[in-house]
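The chain contents come next:
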Amino acid sequence: MNLSIARRRLAPVAVVGAAALVLAACGSDPDTDNGDDADSTETEGSGGDGGSGETESDLSGSLNGAGASSQESAMQAWIAGFQGENPDVTVNYAPDGSGAGREQFTSGAVAFAGSDAALDEEELAAAETACGAPAVDLPLFIDPIAIAYNLPGVDNLQLGPETLANIFNGTITTWNDPAIAADNPEATLPDTAITPVHRSDESGTTENFVEYLAAAAPSVWTHEISGDWPAGLPGEAGAQTPGVLQAVDAAEGTIGYASAAAVGDRTTAAIGVGEEFVEYSAEAAAAVVDASPRAEGRAENDIAIELARDTTESGAYPIVLISYTIVCTAYADANTGDLVKGFVGYMASDEGQQAAADAAGSAPISPDLQAEVQAVVESIEVG
Amino acid sequence: MTTTANPPPRQATPAPRAKARPGDRIFSWSTRTAGVLILVVLAGVAAFLIVEALPTFQADPAEIDGGEGFFSYVWPLVFGTLAAAVIALIIATPLALGIALFISHYAPRRMAQGLGYVVDLLAAIPSVVYGLWGIQWLAPRVQGAWAWLADNLGFIPIFTGPASATGRTMLTAGVVLAVMILPIITAISREVFLQTPTLHEEAALALGATRWEMIRMAVIPFGRPGIISGIMLGLGRALGETMAVAMVLSTGGFTWSMVTSGNNTIAAEIALDFPESSGLKTNTLIAAGLVLFAITLAVNMFARWVVSRRKEFSGAN
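Keep in mind the model is a prediction, meaning the values are calculated, not measured.

**Examining the interface of chain B and chain A**
1) Next: Taken residue by residue, the interface counts 33 residues in chain B and 36 residues in chain A.
2) Next: At the level of elements, α1 (22-58), α4 (127-152), α8 (243-248) and α9 (266-273) of chain B are the ones that each hand at least two residues to the side of chain B that touches chain A.
3) Next: Looking at side-chain class alone, the side of chain B that touches chain A contains 16 nonpolar, 13 polar and 4 charged residues.

Encoded structure:
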């Protein structure tokens, strides 16, 4: 009798225990944390099937990439344009985030990656193992970050880097602060309280914005640079770009940063560069990229850019996000290599850059940079 | 233990035990499979969380978000999760009980039915819509009230100013959550109130009780376990709610104040940071999910315990 009670009580426990063991085995599978993209990366091999036709004109098969969500809408435009020209090709891009994209690229799971940051040394080494040749970063997506504010009656706000940093720091708390007045001698500023708005999610936009603040106003902005907004600063947070802009719209006295394409007709501040104030524009964003030096100590073909956030170049808008397309310089699988050359070549073309500008509001890269990227793409070894 | 004199040998009894027909067997197997499956799924989720969270606990504390280890990363989130849920319960519980009693004991039958449908309808609205409603409609309208609280009751820690300029605060998130859990608590309470034995009610009335006294003496004691179950189900929903909080709340670091921007919940943190996370950060988020899982489990077990403890006094027998 007692035995049967014990058995009855223990039975569910045993079931749970057994199930836990079974599932623990599944859980340790390294793929489980990226469940979503598993299917897109698994199709990788299928590209080899149609690889017999070597001619450029009839590309076929499928190409898989993953990475930054900042590139997502541009990537959709690129994929649509490229697949329109090559009907037998399927390009997949999983916007899992820059880190996940680099991880999948360096482990050889995807043929190319999109990333808001260039590969670091460790990743370069891992990528070289996966590719069998060095990997290179190509800056194909330049997204200006606009500073949007909500202050009726003040249309042409100008903000120097230190003023901007102090606003987001919480040091400057009202709009008629002497520092803001000094930047805007002609404006009549109200005494409205300032509410800085930042992203609540981790984001490349935040990372680039704080990088700018740290570079252009190093004495004011001393917080750690990461995609997460520094904890403990006053202000509001909004989820993703629409959340930030919604918060800016919601109350007077707010100021926030967001991808320029999404800002629409909100009032934006001109940023102090050297002696002048520069409004964001596609040309101004491309100008800062051209004025910036290349990152040193990398492969010959690599075009990783050390953005000169503190540039004093006239007409350059320093708050931009560069999202790279990361590819191998050699592909063992001929078909994959041809597809990468075709697709990335299309991204770097006038047509591709214009498609991204139309779809995502990005700033087309300058003709010089374009030519340089095309040369790198041409040099990719296939087969 | 007294031994019975002659336990009849099992096989000898030609007990009129019905012959198991295929249908019986299939049905018993399918129910058993369903029962086992739910345990397997639960164990699977727990195993996944534990395995994926492990690297967080093994990692160097300096590498965890915030640089001070997992505990200091997760406790503000736990606080935020509990704060949002408690605010929601404080608002929703009296309202839900009022609505349930009105529907079961006060409203004319026809109206009660309509009202019941409307309340159930609230449960069918997706949380994204609640989020949009909270951020676009509710937040600007409650902003003034929160500012008043900060100005006049600012000496109480939870109302410390300055109030958020957009109204997207923990208190607003709590109000949205309250609306979301209202139908759950209402539906369950209404059902148990309707099941109060008519004899109990009539006895109370016959003893001279007013309607309110009858409800207090017969309906509420009878329904107490049901009310608690409803509240706990609502609490579970409030603890785990993701989208509405992620959209409405202006997230930030820990603060006692419920009327400024700041604080975050575990579920919202995961939803906001997971898309761009990789490596250890992913593990950290999953570890936070494990903590939420444990909290929910504890809440449910506590609710079970309360319900079973109260059973004898409920008057249900």
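**As for helix α11 (residues 282-291) of chain A**
1) Next: Along α11(A), the residues classified as buried are A284(A), A285(A), A286(A), A287(A), V288(A) and V289(A).
2) Next: Buried residues belonging to α11(A) abut β4 (135-150), β10 (276-278), β11 (320-328) and α14 (367-378) of chain A.

**A word on the UniProt feature "transmembrane region" (unreviewed entry) in chain B**
All names here are of chain B.
1) Next: Residues annotated in UniProt with the feature "transmembrane region" (unreviewed entry) correspond here to residues 34-54, 74-103, 115-139, 170-189 and 285-307.
2) Next: Helix makes up 100% of residues 34-54 and strand 0%. Its end C-alpha atoms lie 30 Å apart.
3) Next: End C-alpha to end C-alpha, residues 115-139 measures 26 Å, and it is 92% helix and 0% strand.

**Describing the packing of helix α3 (residues 72-85) of chain A against helix α12 (residues 334-348) of chain A**
All names here are of chain A.
1) Next: Two numbers describe how α3 lies on α12: the axes approach to 10 Å, and their chain directions differ by 120 degrees. When the axis of α3 is compared with that of α12, the two are oblique. Relative to α12, α3 is oriented so that their crossing is right-handed. Here W78, G81 and F82 of α3 come into contact with α12, specifically with F343, Y346 and M347.

**Here's the deal with the pairing of strand β2 (residues 89-94) of chain A**
1) Next: Pairing analysis gives 6 bridges linking strand β1 (residues 61-67) of chain A to β2(A), with the strands arranged parallel. Directly across from A66(A), in β2(A), lies its bridge partner A94(A).

**Quick word on the packing of helix α6 (residues 198-206) of chain B against helix α7 (residues 211-240) of chain B**
All names here are of chain B.
1) Next: It is the contact of α6 with α7, at a shortest axis distance of 9 Å, that shows an interaxial angle of 155 degrees. Comparing their axes, α7 and α6 come out roughly antiparallel. The handedness of the crossing between α6 and α7 comes out as right-handed. Contact residues: α6 offers H200, E201, A204 and L205, while α7 offers E213, M214, M217, A218 and F222.

Conventions adopted
- Residues numbered from 1 in each chain as written.
- Chains lettered and ligands numbered in written order.
- Predicted model: local features only at pLDDT ≥ 70, side-chain atom pairs only at ≥ 80, totals over all residues.
- Contact = placed C-beta atoms within 7 Å.
- Helix = DSSP H or I, 4+ residues; strand = E, 2+ residues; numbered from the N terminus.
- Nonpolar A, V, L, I, M, F, W, Y, C, P; charged D, E, K, R; others polar.
- Buried ≥ 20, exposed ≤ 12 C-beta atoms within 10 Å, placed from the backbone.
- UniProt positions renumbered as here; feature names shortened; annotations may be inferred.
- Axes fitted to C-alpha atoms, helices over the stretch in contact; angles between N-to-C directions.
- Parallel < 35°, antiparallel > 145°, perpendicular 65-115°, else oblique.
- Left-handed = near helix turned anticlockwise from the far one by under 90°.
- Pairing = 2+ DSSP bridges.

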